[in-house]
Amino acid sequence: MYRVCRSGWPCSQNSSFKLLHDLVRRTTLPTAVVKCVPTVRRFSDNAHTFEAMLAGRRAEARRSILVQVSSERSFPELATYCGQFGTIASAHHYCVGGGQQGDEDCHYIVVEFDEPGAADAAIGSAVFNEEKPGVRARSIFLWFRAGPKAKLTEKQPKLGAVEGSKGVDSGELRELLLSSEGVEDQLKVLHRTTCLNDVGKRLRFLAVRQVESSLQGMFPQAVAFPFGSSVNGFGKMGCDLDIILDLDSEANLKQSKSSRLVFHTKAANSNERTQVQRQLESIGDVLQLFLPGVNSVRRILKARVPIIKYHHEHLDLEIDLTMNNMTGVHMSELLYLFGQIDPRVQPLTCCVRRWAQAVGLTNHAPGYWITNFSLTMLVMYFLQQLPEPILPPVNRLFANATRSDLRISEDQISCSFLRDLSKLDFKTTNATPLDDLLLQFFEFYSHFDFNQRAISLNIGASILKPDHSPLYIVNPLETVLNVAKNVNLEETELFRIQVRNALWLLDTHDRATTATGDEWGLVSLLWNKSTVKERITPQMFFTKRLLNVRDIFDETDAKANATTTAPPATTEYKNRTVQNQVVGIQRATREQIGKMAKHTLSGGESGTTTTNGGGVKLKRNAKRR
């Protein structure tokens, strides 16, 4: 076990402490104190449920304000000024890059008071900028202007200077991993340096508070629920914030049955989806027009789940806002509980997700590739199916649920599972170290039968596939759904090939057999470029089923084919008849495109009849505008 510093870094008992300590010195202020304290086992957090964790973070945000300052050197004066409103419990500095060349970085300090009233008093004393008029909206986002120098007190609160939006530089992380004692040490260092830290969590709950407070004037029961990586324990530095907005939360709705006065309400649209779309559109206008720091608002209302995306410039944060989908919150809670059951779960998941990003298995944009959520499900299932399981089946949590755990989503989906892990009748006897678990993970999925079997976390075993999806992972809460439905066959095979590559790299790039200074362990997985040509790729087994139009009608090929009957030199045909047919189809199609262009310009008749290269008549009807 490692002793952990207050800043979250391992102390000098670890061989990589020197590099870590140097990194702390370069990224923190001179006032920051690195002090070793006894290790606290991660599992001790199990005394707090997911809801208790959310409540604690909300309380932190309720007692906090965010102040933009000229630099971190402004903190002593800011602390003295804010001290008149109440006792400062903690303060945290972070920096947001200018974004463009020549722009200066923006410095911010999160000031947390002991009491919410002190934060309210600080906000109440603030004034609006008369030199730069704008929409005058009160918020927790302030800036500290120049004024008379205050007399500094002898006892100043410590300023924690930890970056809350960006992770460790890739080069520094590589050096930290190379200086580790072994692969297990590397896994722990990777997790500590890349997981979402305390400042990052504070900033995300400030964003949640801003959304809530902006709407609670008209909707007193409105609650914004964060979900996804920001709260499930598997988030990394810089991850997006996902928010579900409930305008009529039952948690805050306490009605008196004896009252005879009833509010008039606006009639709702009979189509619930249309109603959500119109509400989100209006909320998007509020965000864009009135809330400080919010910009680049995009409304994606035609998607399967209507969503609003926006960027918060003061928090350097991308935020996704949706409504009425509490199942996502309950899924985040389930993953949070799994991460709390055993201290090996989060570091292993962090490493697998980082590896998948390095080898190109995942992508920020939506598509047919594996998502981080699917990867997390794969790790959870692997830990369930071990001969000595580290995680219990989800059905065990369902079976141990009490009356207080009853949750039913708006879609009538049961999300009732045990929330208090101290009441869980499951204890693992598996003491396998992290590095062996990583090897076993890659070995397990290199032989898994994705063609016939589906993965079920509910029973902790594989089942026959309900359909022909290349990768099938049963949704633990909505069991009729496949969380990996978007993944196609090629990406599934790519995953299988990459886990075999990873297994080979870890086996052949062991520290004991690798020369000093060469890549070994996790570094060989995340940064190894010398073995790229030796790796197996799915292109060895698959050909693209879709042809790019540019490959057929390239401009240079079109000019060449206008004067010759031979196809492009890059295409070889063994059958002369097929070659002539392809040339004829290309020529006829170009003529057809030319006629369509002329027809569009001239206004054309309602229909034209042409023939393709094979002599088949084609009928195209032009729509009247």
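Here's a quick rundown of the structure. (Residues numbered from 1 in each chain as written. Predicted model: local features only at pLDDT ≥ 70, side-chain atom pairs only at ≥ 80, totals over all residues. Heavy atoms only, no water.)

### Re the sheet that holds strand 11 (residues 307–312)
Backbone hydrogen bonds are what pair the strands of a sheet, in a parallel or an antiparallel way. One open sheet accounts for 5 strands, arranged 8-9-12-11-10; its pairing is mixed. Across the chains shown, the open sheet's two edge strands, defined by having one partner strand only, are strand 8 (223–227) and strand 10 (294–300). Across the sheet, the mean angle separating the axes of adjacent strands is 25° when strand polarity is ignored. Across 5 bridges, the pairing between strand 11 and strand 12 (residues 317–323) is antiparallel. Bridging across to strand 12, Tyr-310 finds its partner in Ile-319. Of the strands in this sheet, strand 8, strand 9 (241–246), strand 10, strand 11 and strand 12 touch helix 7 (residues 198–215), which is tilted by about 25° from strand 9. (Pairing = 2+ DSSP bridges. Helix = DSSP H or I, 4+ residues; strand = E, 2+ residues; numbered from the N terminus. Axes fitted to C-alpha atoms, helices over the stretch in contact; angles between N-to-C directions. Contact = heavy atoms within 4.5 Å.)

### Let's talk about the packing of helix 13 (residues 434–446) against helix 14 (residues 489–508)
Look at helix 13 against helix 14: their axes get within 8 Å of each other, and the N-to-C directions meet at 140°. Taken together, the axes of helix 13 and helix 14 lie oblique to each other. The two elements helix 13 and helix 14 cross, and the hand of that crossing is left-handed. Two secondary-structure elements touch here, helix 13 through Leu-438, Leu-439, Phe-442, Glu-443, Tyr-445 and Ser-446 and helix 14 through Phe-495, Arg-496, Val-499, Arg-500, Ala-502, Leu-503 and Leu-506. Across the contact of helix 13 with helix 14, the residue classes break down as 9 nonpolar, 1 polar and 3 charged. (Parallel < 35°, antiparallel > 145°, perpendicular 65-115°, else oblique. Left-handed = near helix turned anticlockwise from the far one by under 90°. Nonpolar A, V, L, I, M, F, W, Y, C, P; charged D, E, K, R; others polar.)

### Quick notes on the pairing of strand 5 (residues 106–113)
Most of strand 5 is tucked away: 7 of the 8 residues are buried. Bridging between strand 3 (residues 64–69) and strand 5 involves 6 bridges; their strand directions are antiparallel. Note that in strand 5 the partner of Ile-65 across the bridge is Val-111. (Buried < 20%, exposed > 50% of the residue type's maximum accessible area, 1.4 Å probe, protein only.)

### Considerations on the pattern of salt bridges
Close approach of charged atoms lets side chains of opposite charge pair. Counted according to the given criterion, the structure contains 19 salt bridges. Across the pair Glu-51 and Arg-407 runs a salt bridge, and its minimum N-O distance is 2.7 Å. With Glu-51 in helix 2 (residues 50–62) and Arg-407 in the loop between helix 12 (394–399) and helix 13, this residue pair connects regions lying 356 residues apart in the sequence. Residue classification places Glu-51 among the partly exposed residues on the basis of a relative accessible area of 39%. According to the relative accessible area criterion, Arg-407 is buried, its value standing at 19%. Salt-bridge contacts for Arg-419 lead to Glu-333; the nearest nitrogen and oxygen are separated by 3.0 Å. You can see Arg-419 sitting in the loop between helix 12 and helix 13 and its partner Glu-333 sitting in helix 9 (residues 327–341), a full 86 residues away along the chain. Here Arg-419 and Glu-333 have matching classes, each one buried. A single salt-bridge network, built from bridges that share partners, covers Arg-57, Glu-60, Arg-63, Glu-112, Asp-198 and Arg-202. (Salt bridge = Lys/Arg side-chain N within 4 Å of Asp/Glu carboxyl O.)

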